[in-house]
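These are the residues of each chain, in order.
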Protein chains: 2
Amino acid sequence: MRRYRTNVDGKVQTLNFHVPGDFCNLHTNLAQSIEYSIGTVGPAVIAYIPHDRIEEISRQNPRLARTFNWLAFNEFSILQEWLFNVGSRPSPQRLAHLLCELLIRLRAAGLTDGHHFYLPLSQAQLGEAMGITIVHTNRSMGQLRKEGLLTLEGRKVDVTNWPGLKKYADFDVRYLHLDNTEPSLIKGL
Amino acid sequence: MRRYRTNVDGKVQTLNFHVPGDFCNLHTNLAQSIEYSIGTVGPAVIAYIPHDRIEEISRQNPRLARTFNWLAFNEFSILQEWLFNVGSRPSPQRLAHLLCELLIRLRAAGLTDGHHFYLPLSQAQLGEAMGITIVHTNRSMGQLRKEGLLTLEGRKVDVTNWPGLKKYADFDVRYLHLDNTEPSLIKGL
DNA sequence: CGAGAATTTGATAGGGCTCAACCTAAGTGG
DNA sequence: CCACTTAGGTTGAGCCCTATCAAATTCTCG
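Residues numbered from 1 in each chain as written. Chains lettered and ligands numbered in written order. Predicted model: local features only at pLDDT ≥ 70, side-chain atom pairs only at ≥ 80, totals over all residues. Heavy atoms only, no water.

### Here we look at the protein's contact with DNA strand C
Okay, so step 1: Around DNA strand C, 15 residues are found, and the nearest of them are Gln123, Asn138 and Arg139 of chain A together with Thr133 and His136 of chain B.
Okay, so step 2: Backbone atoms, meaning sugar and phosphate, form 68% of the atoms of DNA strand C found within 4 Å of the protein.
Okay, so step 3: At 3.2 Å from a phosphate oxygen of DNA strand C is found a side-chain nitrogen or oxygen belonging to His136 of chain B.
Okay, so step 4: At the level of elements, α5 (134–146) of chain A together with α5 (134–146) of chain B are the ones that each hand at least two residues to the surface near DNA strand C. (Near = heavy atom within 4 Å. Polar contact = N/O pair within 3.5 Å; in protein donor to acceptor, adjacent residues only side chain to side chain. Helix = DSSP H or I, 4+ residues; strand = E, 2+ residues; numbered from the N terminus.)

As structure tokens, this is what we get:
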């Protein structure tokens with residue numbers, strides 16, 4: 001799924017993607033208003049949990065309370081990285097960085113096969129996450145292929161040169177704070 | 001103060017400004033690593049509060065615990081707005097939006113005089129918050145002046161046409177969640 | 001097979017960057 | 001008190017990255 005916002009001209013800016021297992025709205029209980037929309041980018045199974053229930057669980061179980069806070073911090077961290085990405089990297093690098101992040105997050109969710117994964121996003125949607133147009137997204141993608149970093153078949157992405165992609169994107173996994181992730185899922189990253 | 005990050009080429013991206021009274025690092029107790037630097041943009045008085053102490057206070061005083069969470073949510077909200085700003089608005093609008101935010105945040109901190117305020121930032125630093133160069137920041141500023149939205153004397157900003165600036169920037173205060181702010185400080189915004 | 005959606009490619013325009021110079025204001029030191 | 005220095009603001013010219021417009025091609029799926 002994705003969290004996004006539409007501006008006055010109709011242009012969409014994606015604020016984050018949510019992979020299976022993620023919360024979408026965990027810490028909005030304090031807000032009178034939220035400033036974004038949430039939508040699916042593919043088939044999704046959604047569970048609704050009232051904020052009351054989350055708070056109740058937090059009171060009863062400090063360890064889970066801590067986990068909830070950790071999740072919120074993680075989202076913050078990703079958002080910060082996106083701002084940095086959009087604000088400071090040229091578009092091919094920006095795309096490379098986004099793909100690195102998605103690979104790792106999907107991998108941590110058990111949804112990849114080595115460096116090969118299914119990405120349910122159109123190039124238009126990728127562009128909306130980076131603040132660039134469809135056409136330019138396509139050309140940036142072409143660039144990454146030309147550099148021999150990855151190949152595409154439909155929406156299957158195959159990162160043929162992971163170290164190269166990471167280096168190209170100046171990608172540093174640490175902001176995803178995977179320290180508590182099942183090690184077998186993220187080894188070699 | 002500001003939170004920022006420097007990329008491989010030496011380019012700086014500011015992630016947020018912190019006005020007097022703000023925390024800079026409230027919710028990083030859960031992290032093994034943080035991905036940014038913090039620096040001053042002018043004279044500053046800084047108080048250090050250990051995370052342990054914050055947690056202790058939170059346990060003893062649920063109302064303050066709630067406030068701490070609210071502060072974190074607020075930062076999240078601002079970060080999100082910045083991503084939207086940088087990702088989707090042309091540079092003069094982007095600058096206008098940033099100035100709207102700074103005016104209101106400084107005003108809520110009691111540091112403005114009507115629509116007139118002192119902004120301790122160079123144009124270079126403003127540019128770093130928007131992902132554009134010094135020169136272009138200067139030209140965008142010129143644009144805002146030409147539109148009759150504000151005037152500058154040194155670093156004193158005078159927003160001569162607040163409704164105009166707000167409209168120009170497509171600025172909607174709600175993301176700053178000022179509902180609990182002393183009303184006299186923010187009336188007429 | 002046909003139709004709509006997504007990807008790809010080309011040509012052109014424009015926003016923002018780079019390089020460079022100039023100007024102003026505010027120190028600094030003799 | 002003034003020459004000198006330095007940081008920041010302003011302006012101009014040319015180029016490059018990205019947007020826009022448009023059309024062709026490929027893919028997907030009923």
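### Structural notes on the layout of surface pockets
One way to see where empty space is left: roll a probe the size of a water molecule over the atoms.
Okay, so step 1: In this structure, the largest pocket occupies an estimated 1100 Å³ of space.
Okay, so step 2: As for the largest pocket, its lining consists of 28 residues, of which Ala65 and Asn69 of chain A together with Ser58, Ala65 and Asn69 of chain B are closest to the centre.
Okay, so step 3: Put simply, the parts of the chain that give the lining of the largest pocket at least two residues each are α1 (51–60) and α2 (62–88) of chain A together with α1 (51–60) and α2 (62–88) of chain B.
Okay, so step 4: Residue composition of the lining of the largest pocket, by class: 12 nonpolar, 10 polar and six charged. (1 Å grid on protein atoms, 1.4 Å probe; cavity = no way out; pocket = protein on both sides within 12 Å on 5 of 7 lines; lining within 4 Å. Points joined across faces, edges and corners; volume = space filled by probe spheres on them. Nonpolar A, V, L, I, M, F, W, Y, C, P; charged D, E, K, R; others polar.)

### Considering the relation of the copies chain B and chain A
Okay, so step 1: Between chain B and chain A, which share one sequence, the superposing operator has a rotation angle of 180 degrees and an axial displacement of 0.0 Å; the RMSD is 0.0 Å. Taken together, the rotation and translation describe the operation of a two-fold axis. Relative to the rotation axis, the C-alpha of Leu83 of chain B is the closest in chain B, positioned 2.5 Å from it. (Least-squares fit on C-alpha atoms with pLDDT ≥ 70 in both.)

### Observations regarding the side chain of Arg5 of chain A
Okay, so step 1: Mapped onto the elements of the fold, Arg5 of chain A is located in strand β1 (residues 2–6).
Okay, so step 2: Taking relative accessible area as the criterion, Arg5 of chain A reaches 16% and is therefore assigned buried.
Okay, so step 3: Setting aside anything within four residues of it in sequence, one finds Arg5 of chain A in contact with Lys11, Val12, Gln13, Leu15, Glu35 and Tyr36 of chain A together with Glu81 and Phe84 of chain B. (Buried < 20%, exposed > 50% of the residue type's maximum accessible area, 1.4 Å probe, protein only. Contact = heavy atoms within 4.5 Å.)

### Some words on the protein's contact with DNA strand D
Okay, so step 1: Neighbouring DNA strand D are 15 residues; Ser91 and Thr133 of chain A together with Gln123, Asn138 and Arg139 of chain B lie closest to it.
Okay, so step 2: Near the protein, within 4 Å, the atoms of DNA strand D are sugar or phosphate in 65% of cases.
Okay, so step 3: Take His136 of chain A: an N or O atom from its side chain is 3.2 Å from a phosphate oxygen of DNA strand D.
Okay, so step 4: Put simply, the parts of the chain that give the surface near DNA strand D at least two residues each are α5 of chain A together with α5 of chain B.
Okay, so step 5: Ranked by the residues each element gives to the surface near DNA strand D, the list is headed by α5 of chain B, at four residues.
Okay, so step 6: For the surface near DNA strand D, the per-class residue count stands at four nonpolar, seven polar and four charged.

### Here we look at the sheet that holds strand β7 (residues 156–158) of chain B
All names here are of chain B.
Okay, so step 1: With antiparallel pairing, the four strands of this open sheet are ordered in space as β4-β5-β7-β6. Two strands in the sheet have a free side with no partner beyond their single neighbour: β4 (112–113) and β6 (151–153).
Okay, so step 2: Bridge count for β4 against strand β5 (residues 116–118) is two bridges, and the pairing is antiparallel. Considered in β5, the bridge of Asp113 is made with His116. (Pairing = 2+ DSSP bridges.)

### Some details on the packing of aromatic side chains
Okay, so step 1: A complete count under the given rule lists eight aromatic pairs over all chains for this structure.
Okay, so step 2: Judged by centre distance (6.0 Å) and plane angle (85 degrees), the rings of Phe23 of chain A and Phe68 of chain A are edge-to-face. Note that Phe23 of chain A is positioned in the loop between β2 (12–17) and β3 (37–39) and Phe68 of chain A in helix α2, a separation of 45 residues in sequence.
Okay, so step 3: Counting every residue linked through ring pairs, the aromatic cluster contains Trp162, Phe171 and Tyr175 of chain A.
Okay, so step 4: One Lys or Arg, Arg3 of chain B, reaches over the ring of Tyr36 of chain B and ends 4.9 Å from the middle of that ring.
Okay, so step 5: A cation over a ring is seen here: Arg5 of chain B above Phe84 of chain A, with NZ or CZ 3.9 Å from the ring centre. (Phe/Tyr/Trp six-rings, centres within 6.5 Å; stacked < 30°, edge-to-face > 60°. Lys NZ or Arg CZ within 6 Å of the ring centre and 35° of its normal.)

### Topic: α5 of chain A
All names here are of chain A.
Okay, so step 1: Spanning 13 residues, α5 covers 18 Å between terminal C-alpha atoms, matching the ideal 18 Å at 1.5 Å per step.
Okay, so step 2: Residues of α5 that are buried sit in contact with α3 (91–108), α4 (123–130), β6 (151–153) and α6 (162–169).
Okay, so step 3: Downstream of α5 by a residue or two, Gly148 has a phi angle that is positive, lying close to 75 degrees. (Expected span 1.5 Å × (residues − 1).)

### Brief notes about the sheet that holds strand β4 (residues 112–113) of chain A
Okay, so step 1: The sheet built from four strands is open, its strands ordered β4-β5-β7-β6 (chain A) with antiparallel pairing. Across the chains shown, the open sheet's two edge strands, defined by having one partner strand only, are β4 and β6 of chain A.

### Considering the environment of Asp52 of chain B
Residues and elements named next belong to chain B.
Okay, so step 1: In this fold, Asp52 is placed in helix α1.
Okay, so step 2: Judged by its relative accessible area of 62%, Asp52 falls in the exposed class.
Okay, so step 3: The spacing of Asp52 and Gly148 is 96 residues in sequence and 50 Å in space, taken between C-alpha atoms.

### Observations concerning the packing of α2 of chain A against α2 of chain B
Okay, so step 1: Where α2 of chain A contacts α2 of chain B, the axes come no closer than 9 Å and their chain directions differ by 25 degrees. Regarding the angle of α2 of chain A to α2 of chain B, the classification is roughly parallel. In this structure, the crossing between α2 of chain A and α2 of chain B has a hand that is left-handed. Side by side, α2 of chain A and α2 of chain B meet where Asn69, Glu75, Phe76, Leu79, Gln80, Trp82, Leu83, Val86 and Gly87 of chain A of the first sit next to Asn69, Glu75, Phe76, Leu79, Gln80, Trp82, Leu83, Val86 and Gly87 of chain B of the second.
Okay, so step 2: Looking at the contact of α2 of chain A with α2 of chain B residue by residue, the class counts come to 10 nonpolar, six polar and two charged. (Axes fitted to C-alpha atoms, helices over the stretch in contact; angles between N-to-C directions. Parallel < 35°, antiparallel > 145°, perpendicular 65-115°, else oblique. Left-handed = near helix turned anticlockwise from the far one by under 90°.)

### Observations concerning the interface of chain B and chain A
Okay, so step 1: Taken together, the 40 residues of chain B in the interface contact 40 residues of chain A.
Okay, so step 2: Taken together, the two surfaces of chain B and chain A that pack against each other cover about 3700 Å², and 63% of this comes from carbon and sulfur.
Okay, so step 3: Looking only at chain B, the three residues that lose the most surface to chain A are Leu30, Leu83 and Phe84 of chain B, adding up to 19% of its buried area.
Okay, so step 4: Between the two partners, chain B and chain A, sit two salt bridges.
Okay, so step 5: Notably, a salt bridge pairs Glu81 of chain A with Arg5 of chain B, separated by 2.7 Å at the nearest N-O pair.
Okay, so step 6: Across the chain B-chain A interface, the total number found is 10 residue pairs in polar contact (both at pLDDT 80 or more).
Okay, so step 7: Mapped onto the side of chain B that touches chain A, the elements with two or more residues apiece are β1 (2–6), β2 (12–17) and α2 of chain B.
Okay, so step 8: Looking at which element gives the most residues to the side of chain B that touches chain A, the answer is α2 of chain B, with 16 residues.
Okay, so step 9: Of the residues assigned to the side of chain B that touches chain A, the class counts are 14 nonpolar, 15 polar and 11 charged. (Buried area = accessible area lost by both parts, 1.4 Å probe. Salt bridge = Lys/Arg side-chain N within 4 Å of Asp/Glu carboxyl O.)

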